[in-house]
Amino acid sequence: MKCDAEKVIYMDNNATTRIAPEVVDAMMPFLTECYGNPSSMHVFGGQVGRVVEKARKQVADLIGSEPSEITFTSCGTESDSTAILSALQAYPEKRHIVTTRVEHPAIKHLCENLSRMTGHKYRITRLQVESDGTLDIEKYEEALTEDTAIVSIMWANNETGVIFPVEKMASIAKEHGILFHTDAVQAVGKIAIDLSTIDVDFLSLSGHKLHAPKGVGVLYVKKGTPFVPFIVGGHQEGGRRGGTENVASIIGLGRACELAQEMMGEENSRVRALRDRLEQGLLASVPKSMLNGHKVDRLPNTTNISFEFVEGEAILLHMNLYNICASSGSACTSGSLEPSHVLRAMGVPFTAAHGSIRFSLSIYNTEAEVDFVLEKMPPIIAELRELSPFWKAE
Ligand SMILES: *Cc1c(COP(=O)(O)O)cnc(C)c1O
């Protein structure tokens, strides 16, 4: 199969990222000659085990943790499930979870299922967000009760890039003696994270959101936090997760974390400037367009813009003609055109939520690409509006 990656203008990095060439290089030996099992007693396996430990250190260094606090998993979703289910088993008498209305489906659907499958044994508080996607810290504190087993609040939102005050919320949870989990899949590698000074008990991250392969993730578990494994089997990962390690991908993730550390400055200067240029250009050149999410408390790579009175899906199809990849907040799931739960929670009007496009950049984007998108978008929107009965009615 041929994917013509050179032709594509890829601005969908919150969905997945390109594997960095340096990461592929680091992985190759472990897909070919170095195929030993890290748990084996012989040297052939043992040497692989040592490289897995090096990767664990590379991940730990990026987030300011100890290597012993890092458990490799199969993805961000597994890490999320593991954290929540662990807390519920560690405190079987507690029946309450605090989360938000804007979580990724990995947390949203897990909480919904937990509640439904146990005949509503678990009570879930889903915190409302403000119209700019931020959280009210007082309402957060009011939601915590004696019965709360765990708080799960994402570090940064995948759709809008809005960053939540995790440090503050984690310390409030700590004061109440409640475990705190954060889904940091979008934050790790994009903004500085130092867990050595923060009261987070669990943190999830995922390889494919930071230029490592799909199918590898990490659950950070703070030293001393009670932990019950989700996947039970062999004694891998210090007994925290059974199953032979995905060695090549783990090595890749370690290298990607090292690169992310080196690139953090560029992400927050050059990538941020590209994002701002794109955002300001689109808002200035397209009438009835608006930014979704807080302007400042946001990831440097993400912008989510609504173009009123057009369908996001239709915009994406037209962008496809120019090989521009982004994503829309009106995922046409199972035939029903439901606007994104994140934009709905923010109270974005129906006509705007349907026409929202998320552009998420990376270090591989260029100024020429941004200029190309700025040239193509206004006529696409104008053309679609000509066809829209809602636009005509305006
Ligand atoms: C992508 C993503 C996940 C899921 O990670 P996978 O590795 O794809 O399972 C979870 N949370 C957020 C915020 C994400 O963006």
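Residues numbered from 1 in each chain as written. Predicted model: local features only at pLDDT ≥ 70, side-chain atom pairs only at ≥ 80, totals over all residues. Heavy atoms only, no water.

## Focus: the pairing of strand S6 (residues 179–183)
Argument step 1. In terms of burial, S6 is largely enclosed, as five of its five residues are buried.
Argument step 2. The alternating pattern of S6 places Leu179, His181 and Asp183 on one face and Phe180 and Thr182 on the opposite face, and all of these are buried.
Argument step 3. One ladder, built from three bridges, connects strand S5 (residues 148–152) with S6; its direction is parallel. Of the residues in S6, the one forming a bridge with Ser152 is His181.
Argument step 4. The β-α-β motif built from S5, the intervening helix H6 (residues 166–175) and the parallel element S6 has right-handed crossover chirality.
Argument step 5. Two elements, S6 and strand S7 (residues 202–206), share three bridges in a ladder whose sense is parallel. When the bridges of S7 are listed, Thr182 appears paired with Leu203. (Buried < 20%, exposed > 50% of the residue type's maximum accessible area, 1.4 Å probe, protein only. Helix = DSSP H or I, 4+ residues; strand = E, 2+ residues; numbered from the N terminus. Pairing = 2+ DSSP bridges. Right-handed = clockwise from strand over helix to strand, strands pointing away.)

## Considering the domain arrangement of the protein
Argument step 1. In terms of domains, the protein is made up of domain 1 (5–16 + 267–381) and domain 2 (21–263).
Argument step 2. Each of domain 1 and domain 2 was reduced to a C-alpha centroid, and the two centroids are 27 Å apart.
Argument step 3. Opposite the 26 residues of domain 1 that make contact, domain 2 presents 31 residues.
Argument step 4. Carbon and sulfur atoms supply 57% of the area buried between domain 1 and domain 2, which totals about 2,300 Å² over both sides.
Argument step 5. If you sort the residues of domain 1 by the area they bury against domain 2, Leu299, His341 and Met346 come out on top, with a joint share of 25%.
Argument step 6. Seen at the junction of domain 1 and domain 2, the total is zero salt bridges.
Argument step 7. Seen at the junction of domain 1 and domain 2, the total is 14 residue pairs in polar contact (both at pLDDT 80 or more).
Argument step 8. Those elements giving two or more residues to the side of domain 1 that touches domain 2 turn out to be helix H7 (247–285), strand S10 (302–307) and helix H9 (341–345).
Argument step 9. No other element matches H9, which puts four residues into the side of domain 1 that touches domain 2.
Argument step 10. A per-class count over the side of domain 1 that touches domain 2 returns nine nonpolar, 13 polar and four charged. (Domains from an automatic or database assignment. Contact = heavy atoms within 4.5 Å. Buried area = accessible area lost by both parts, 1.4 Å probe. Salt bridge = Lys/Arg side-chain N within 4 Å of Asp/Glu carboxyl O. Polar contact = N/O pair within 3.5 Å; in protein donor to acceptor, adjacent residues only side chain to side chain. Nonpolar A, V, L, I, M, F, W, Y, C, P; charged D, E, K, R; others polar.)

## Overview of the pattern of salt bridges
Argument step 1. Here the structure, examined in full by the defined rule, presents 16 salt bridges.
Argument step 2. Put simply, Lys295 and Glu279 hold a salt bridge, and the shortest N to O gap is 3.8 Å. With Lys295 in the loop between strand S9 (289–291) and S10 and Glu279 in helix H7, this residue pair connects regions lying 16 residues apart in the sequence.
Argument step 3. Note that Glu375 is salt-bridged to Lys376, the shortest N-O span being 3.1 Å.
Argument step 4. Lys376 sits in the buried class, given a relative accessible area of 17%.

## Concerning the packing of helix H1 (residues 21–31) against H7
Two measures define how a pair of helices packs: the angle their axes make with one another and the distance between the axes.
Argument step 1. With their axes 8 Å apart at the nearest point, H1 and H7 run at an angle of 155° to one another. In terms of axis orientation, H1 runs roughly antiparallel to H7. In this structure, the crossing between H1 and H7 has a hand that is right-handed. Contact residues: Glu22, Val23, Ala26, Met27, Phe30 and Leu31 in H1; Val247, Ala248, Ser249, Ile251, Gly252, Arg255, Ala256 and Leu259 in H7.
Argument step 2. Here the residues of the contact of H1 with H7 are counted per class, giving ten nonpolar, two polar and two charged. (Axes fitted to C-alpha atoms, helices over the stretch in contact; angles between N-to-C directions. Parallel < 35°, antiparallel > 145°, perpendicular 65-115°, else oblique. Left-handed = near helix turned anticlockwise from the far one by under 90°.)

## Focus: the packing of H7 against helix H11 (residues 367–386)
Argument step 1. Running from N to C, H7 and H11 cross one another at 15°; their axes reach a closest spacing of 10 Å. By the angle between their axes, H7 is roughly parallel relative to H11. As for how H7 packs across H11, the hand of that crossing is right-handed. Contact residues: H7 offers Leu274, Arg277, Leu278, Gly281, Leu282 and Ser285, while H11 offers Glu367, Val370, Asp371, Val373, Leu374, Met377 and Pro378.
Argument step 2. Among the residues forming the contact of H7 with H11, the class breakdown is eight nonpolar, two polar and three charged.

## With respect to the site of the ligand
Argument step 1. Taken together, 13 residues lie around the ligand, and Thr77, Asp183, Gln186, Ser206 and Lys209 are the ones closest in.
Argument step 2. A distance of 2.8 Å is found between an oxygen atom of the ligand and a backbone nitrogen or oxygen belonging to Gly76.
Argument step 3. The contact in question runs from a nitrogen atom of the ligand to an N or O atom on the side chain of Asp183, over 2.6 Å.
Argument step 4. In isolation the ligand offers 380 Å² of accessible surface; the protein chains occlude 91% of this area.
Argument step 5. Looking at which element gives the most residues to the shell around the ligand, the answer is helix H3 (residues 76–90), with three residues.
Argument step 6. Tallied by class, residues from the shell around the ligand come to three nonpolar, seven polar and three charged. (Near = heavy atom within 4 Å. Areas by Shrake-Rupley, 256 points an atom, 1.4 Å probe, with all protein chains shown as cover.)

## Remarks on the packing of aromatic side chains
Argument step 1. As enumerated under the stated definition, the model contains two aromatic pairs in all.
Argument step 2. Ring plane angle 75° and centroid distance 4.9 Å describe the contact between Tyr35 and Phe44, whose orientation is recorded as edge-to-face.
Argument step 3. Judged by centre distance (6.2 Å) and plane angle (80°), the rings of Tyr322 and Phe372 are edge-to-face. With Tyr322 in the loop between helix H8 (312–320) and strand S11 (324–325) and Phe372 in helix H11, the pair connects residues that are 50 residues apart, well separated along the chain.
Argument step 4. Note on Phe372: relative accessible area 27%, which makes it partly exposed. (Phe/Tyr/Trp six-rings, centres within 6.5 Å; stacked < 30°, edge-to-face > 60°.)

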